[in-house]
Amino acid sequence: AAGALNVQQSTLSRRVRELEDRLGASICARGAAGVRLTQAGAQFLDGAQGAMTHLAQAVDRVGALAAAERNLVRIGILGPLTPGFLDELLRAAVAGTPTPRLSITEAPAHDHIVALQSGRLDVAFLSGEALAPNVTTRRLWTERLVVVLPTDHRLAKRPMVGWSDLAEERFLVAGPGLACGGEDLLVRRLARLGRPPVLLRQAVGPDTLLRLVALGQGLVVTVASATVGQVGVVCRPIAREVVAFSAAWSALNGKLAVRRLIALAERLADPAQPGC
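Residues numbered from 1 in each chain as written. Predicted model: local features only at pLDDT ≥ 70, side-chain atom pairs only at ≥ 80, totals over all residues. Heavy atoms only, no water.

> Just to check I follow, could you spell out the packing of aromatic side chains for this structure?
Any pair of aromatic rings gets described here by the distance separating the centres and the angle formed by the planes. The final tally for this structure, using the stated rule, is 3 aromatic pairs. Their ring planes at 10° and their centres at 5.0 Å tell us that Trp-141 and Phe-245 sit as a pair that is stacked. With Trp-141 in strand E6 (residues 135-150) and Phe-245 in strand E10 (residues 233-250), this pair connects stretches of sequence that are 104 residues apart. No difference in accessibility class separates Trp-141 from Phe-245, as the two residues are buried. The rings of Phe-85, Phe-125, Trp-141 and Phe-245 are connected pair by pair, giving a single aromatic cluster. (Phe/Tyr/Trp six-rings, centres within 6.5 Å; stacked < 30°, edge-to-face > 60°. Helix = DSSP H or I, 4+ residues; strand = E, 2+ residues; numbered from the N terminus. Buried < 20%, exposed > 50% of the residue type's maximum accessible area, 1.4 Å probe, protein only.)

Have a look at this one:
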């Protein structure tokens with residue numbers, strides 16, 4: 001037994017005696033014929049073997065959970081996942097080895113920053129840069145800023161529009177604001193022209209918002225990728241306006257799967273200008 005445990009025989013004998021002292025009973029009967037288990041020892045061995053089996057199962061379960069957690073990447077995005085850079089990145093990530101398991105949350109940028117700082121998110125993809133303590137950002141891609149119009153709108157036949165063309169329009173805004181940060185840009189640009197915009201806030205998601213555009217209820221300023229697949233509307237680029245998107249993650253997050261995803265994003269990074 002000492003040889004199997006790679007310890008000295010005297011050490012093993014001492015540990016058995018210490019165990020007997022703790023139990024208050026002899027578990028081994030020593031004699032000229034050798035060592036045999038006492039009745040108490042046999043009962044203790046039976047219970048100990050069961051306990052070791054349960055412990056081994058618990059260790060295996062925790063190891064499996066730890067492996068799953070290591071491969072889980074909790075991702076924050078600003079709106080629905082549409083064709084474009086981010087979709088291509090996630091497709092490439094799940095095609096790799098080891099394959100990460102993705103958990104995706106849609107929420108405003110501020111909520112994602114708080115979740116990154118508290119450890120509830122691993123990485124978020126945001127417009128602009130996240131200037132917050134213990135949060136690292138890396139610029140990855142850009143998208144054209146577009147205005148979404150009904151097909152019969154007076155600007156629909158233009159290849160491109162300027163802010164001055166939009167000064168008299170009213171704009172639809174989803175939830176707490178445009179996911180790409182277009183609302184702030186819209187307000188600043190039109191205020192500079194002396195025409196504060198008329199904003200009609202709607203408690204709907206982006207897809208319904210674009211359907212309201214088709215119904216002539218107002219215009220939407222967003223990024224080009226958010227309009228892919230929409231019918232009844234056209235989108236026109238706003239002259240000289242692009243939105244930069246970045247990955248943001250906690251400087252305290254040491255998860256290998258997150259580092260792999262960021263490294264893959266950096267390899268794929270290229271200005272994306274989705275059409276519409």
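> Just checking my understanding: could you explain the layout of surface pockets for this structure?
Gaps left between atoms show up when a probe the size of a water molecule is rolled over them. For the second largest pocket, the calculated volume is near 560 Å³. In terms of lining residues, the second largest pocket is bounded by 19 residues, among which Ala-1, Leu-12, Val-16, Ile-27 and Cys-28 are the most central. Where the lining of the second largest pocket is concerned, the elements lending two or more residues are helix H1 (2-5), helix H2 (9-23), strand E1 (28-31), strand E2 (34-37) and helix H3 (39-71). Top contributing element to the lining of the second largest pocket by residue count: H2, with 7 residues. Classifying every residue of the lining of the second largest pocket by side-chain character gives 13 nonpolar, 3 polar and 3 charged. (1 Å grid on protein atoms, 1.4 Å probe; cavity = no way out; pocket = protein on both sides within 12 Å on 5 of 7 lines; lining within 4 Å. Points joined across faces, edges and corners; volume = space filled by probe spheres on them. Nonpolar A, V, L, I, M, F, W, Y, C, P; charged D, E, K, R; others polar.)

> In this structure, what is going on with the confidence of the model for the protein chain? I would like to understand it.
Close inspection of predicted coordinates is inappropriate for parts of the model with low pLDDT. For the protein chain, the mean per-residue pLDDT works out to 87, and 91% of the residues sit at or above 70. Strand E3 (residues 72-77) holds the highest mean pLDDT among the elements of the protein chain, 95, whereas H3 holds the lowest, 76. (pLDDT = per-residue confidence, 0-100.)

> Would you mind showing me how to read the sheet that holds strand E5 (residues 123-127) here?
Pairing between the strands of a sheet is mediated by backbone hydrogen bonds and can be parallel or antiparallel. Reading across from one edge, E4-E3-E5-E10-E6-E9 is the order of the 6 strands in this open sheet, with mixed pairing throughout. Lying at the two open borders of the sheet, with one neighbouring strand each, are strand E4 (101-106) and strand E9 (220-223). Here the average twist between neighbouring strands, direction ignored, is 25°. Sheet topology places E3 next to E5; 2 bridges connect them, and they run parallel. Following the sheet pairing, Ile-75 is matched in E5 by Val-123. (Pairing = 2+ DSSP bridges. Axes fitted to C-alpha atoms, helices over the stretch in contact; angles between N-to-C directions.)

> What am I meant to see in the environment of Val-35 here?
Inspection of the secondary structure assignment puts Val-35 in strand E2. Sequence separation of Val-35 and Gly-205 is 170 residues, and the distance between their C-alpha atoms is 77 Å. The contact partners of Val-35, leaving out residues within four places of it in the chain, are Cys-28, Ala-29 and Arg-30. (Contact = heavy atoms within 4.5 Å.)

> So what exactly am I meant to see when it comes to the side chain of Asp-87 here?
With respect to the secondary-structure elements, Asp-87 resides in helix H4 (residues 85-94). Residue classification places Asp-87 among the buried positions, given a relative accessible area of 17%. If sequence neighbours within four positions are ignored, Asp-87 has contacts with Leu-81 and Thr-82.

> Hey, could you run me through the pattern of salt bridges in this one?
Oppositely charged side chains are able to pair whenever their charged atoms sit close together. Applying the stated criterion to the full structure yields 10 salt bridges. A salt bridge links Glu-18 to Arg-14; the nearest nitrogen and oxygen atoms lie 4.0 Å apart. Pair noted here: Glu-18 and Arg-14 are both in helix H2, with a separation of 4 residues, about one helical turn. A residue is classified by how much of its surface remains accessible, and Glu-18, at 43% relative accessible area, is partly exposed. Judged by relative accessible area, Arg-14 falls into the partly exposed class, the value being 40%. Taking the shortest distance from any N to any O, the salt bridge between Arg-30 and Glu-20 comes out at 3.6 Å. Pair noted here: Arg-30 is in strand E1 and Glu-20 is in helix H2, with a separation of 10 residues, a long-range link. Each member of the salt-bridge network shares a partner with another, and the members are Arg-74, Asp-122 and Lys-255. (Salt bridge = Lys/Arg side-chain N within 4 Å of Asp/Glu carboxyl O.)

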